[in-house]
Amino acid sequence: MQISTWLKSEKHQKLVERWWIAIVLVWGVIKTVAVDKTFEKYGVNPSVYMAIVFAIAVPYAISTAKLFFSIVEKHWRNTFIYGAIAIVLHFAPDAYILSTAKSVPRSLFDGFILAIVVFALFGIREIVIKVREDKK
C-alpha cells in the first residue's frame, strides 16, 4: 500500500495529526529551553515565549498536517488556506522574540534571522516539489 493511499483514510489522518501534535509540543519545549539560554538576558521572557508556543501548537500542528493531506489529495485551494495559516502560526513565536529582544549582539541576531530564512526556504521548497510532483 502506498503512503498516499494510506493517508487518504480519515482514521489514518487523525492518527498522524495526533502524533504530529505531540511532536510539535516536544519541539516547543526544546525551542523554549534554547530561547531561555539564548535570549532571556536580552529581554525575552521564556515563559511568555512558551505560552505563545503552546497556545499555537495544536492549531499549528493541525494546519500543517492538513496542509500535507491537502497536497497528497491534490486539493490546491485547501493547500493554500492551510499553508497561509501554518505560515502565520509558525512565525508568531519568532515575531515575539524579534519584538521584545533588546541589545542583541549583531552576530546572534543575524544567526537567528538566517535560521528563520533557511528553515522557511526549506519548507517552501519541499511544498513546491511535492505540488510539482503531484501535478505531473
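Refer to the structure above for everything that follows.
Things to note about the overall build of the protein chain
No. 1: In terms of regular secondary structure, the protein chain is built from five helices and zero strands.
No. 2: In the protein chain, the succession of α and β elements from N to C terminus is α-α-α-α-α.
No. 3: With respect to the principal axes defined by its C-alpha atoms, the protein chain has extents near 50 × 25 × 25 Å.
No. 4: Here the protein chain holds 136 residues, and 31% of them are scored as buried.
No. 5: Pairs at least 24 apart in sequence give 72% of the contacts found in the protein chain among residues at least 6 apart.
No. 6: Accessible surface, the protein chain as shown: approximately 8,900 Å² in total, 69% of it carbon and sulfur.

Concerning helix H2 (residues 10-39)
No. 1: When the terminal C-alpha atoms of H2 are compared, their 41 Å separation across 30 residues agrees well with the 44 Å that a helix rising 1.5 Å per residue should span.
No. 2: Where H2 is concerned, the buried positions are His12, Gln13, Glu17, Ile21, Val24, Gly28, Thr32, Val35 and Phe39.

Digging into unusual backbone geometry
No. 1: The backbone of Ser103 shows a phi angle near 55°, a positive value even though the residue is not glycine.
No. 2: With respect to the helices, strands and loops of the structure, Ser103 is situated in the loop between helix H4 (76-100) and helix H5 (106-135).

Things to note about the layout of surface pockets
No. 1: Looking at the largest pocket, its volume works out to about 1,500 Å³.
No. 2: Lining the largest pocket are 48 residues, and of these Tyr60, His90, Phe119, Ala120 and Gly123 sit closest to its centre.
No. 3: Elements supplying a minimum of two residues to the lining of the largest pocket: H2, helix H3 (46-72), H4 and H5.
No. 4: Grouping the amino acids of the lining of the largest pocket by side-chain chemistry returns 37 nonpolar, seven polar and four charged.

Structural notes on the side chain of Ser63
No. 1: Looking at the element boundaries, Ser63 is found in helix H3.
No. 2: When residues no more than four places from it in sequence are discounted, the contact partners of Ser63 are Tyr82, Ile85, Ala86 and Leu89.

Examining H4
No. 1: Over its 25 residues, H4 runs 36 Å from end to end, which matches the ideal 36 Å to within 8%, given 1.5 Å per residue.
No. 2: Of all the bends found along H4, the most pronounced is centred on Ala92 and spans about 40°, while Pro93, a proline, follows it within four residues.
No. 3: Within H4 the residues assigned to the buried category are Thr79, Gly83, Ala86, Leu89, Pro93, Asp94, Tyr96, Ile97 and Thr100.

Section: the side chain of Thr79
No. 1: Relative to the assigned elements, Thr79 resides in helix H4.
No. 2: Within the local environment of Thr79, its side chain forms a polar contact with the side chain of Ser70, the two groups lying 3.0 Å apart.
No. 3: Those residues within four positions of Thr79 in sequence are excluded, and the remaining contacts are Leu67, Ser70 and Ile71.

Points about the pattern of salt bridges
No. 1: Scanning the model with the defined rule gives three salt bridges in all.
No. 2: Of the charged contacts in the structure, one is a salt bridge between Lys66 and Glu17, with a shortest N-O distance of 3.3 Å. Of this pair, Lys66 sits in helix H3 while Glu17 sits in helix H2; the two residues are 49 residues apart in sequence, bridging distant segments of the chain.
No. 3: Using a relative accessible area of 25% as the deciding quantity, one classes Lys66 as partly exposed.
No. 4: A network of salt bridges, in which partner residues are shared, links Lys14, Glu17 and Lys66.

What counts, and at which threshold
- Residues numbered from 1 in each chain as written.
- Predicted model: local features only at pLDDT ≥ 70, side-chain atom pairs only at ≥ 80, totals over all residues.
- Heavy atoms only, no water.
- Helix = DSSP H or I, 4+ residues; strand = E, 2+ residues; numbered from the N terminus.
- Buried < 20%, exposed > 50% of the residue type's maximum accessible area, 1.4 Å probe, protein only.
- Contact = heavy atoms within 4.5 Å.
- Areas by Shrake-Rupley, 256 points an atom, 1.4 Å probe, with all protein chains shown as cover.
- Expected span 1.5 Å × (residues − 1).
- 1 Å grid on protein atoms, 1.4 Å probe; cavity = no way out; pocket = protein on both sides within 12 Å on 5 of 7 lines; lining within 4 Å.
- Points joined across faces, edges and corners; volume = space filled by probe spheres on them.
- Nonpolar A, V, L, I, M, F, W, Y, C, P; charged D, E, K, R; others polar.
- Bend = angle between axes of the 7 residues up to and from the residue.
- Polar contact = N/O pair within 3.5 Å; in protein donor to acceptor, adjacent residues only side chain to side chain.
- Salt bridge = Lys/Arg side-chain N within 4 Å of Asp/Glu carboxyl O.

These values are about where atoms sit, not about what they do.
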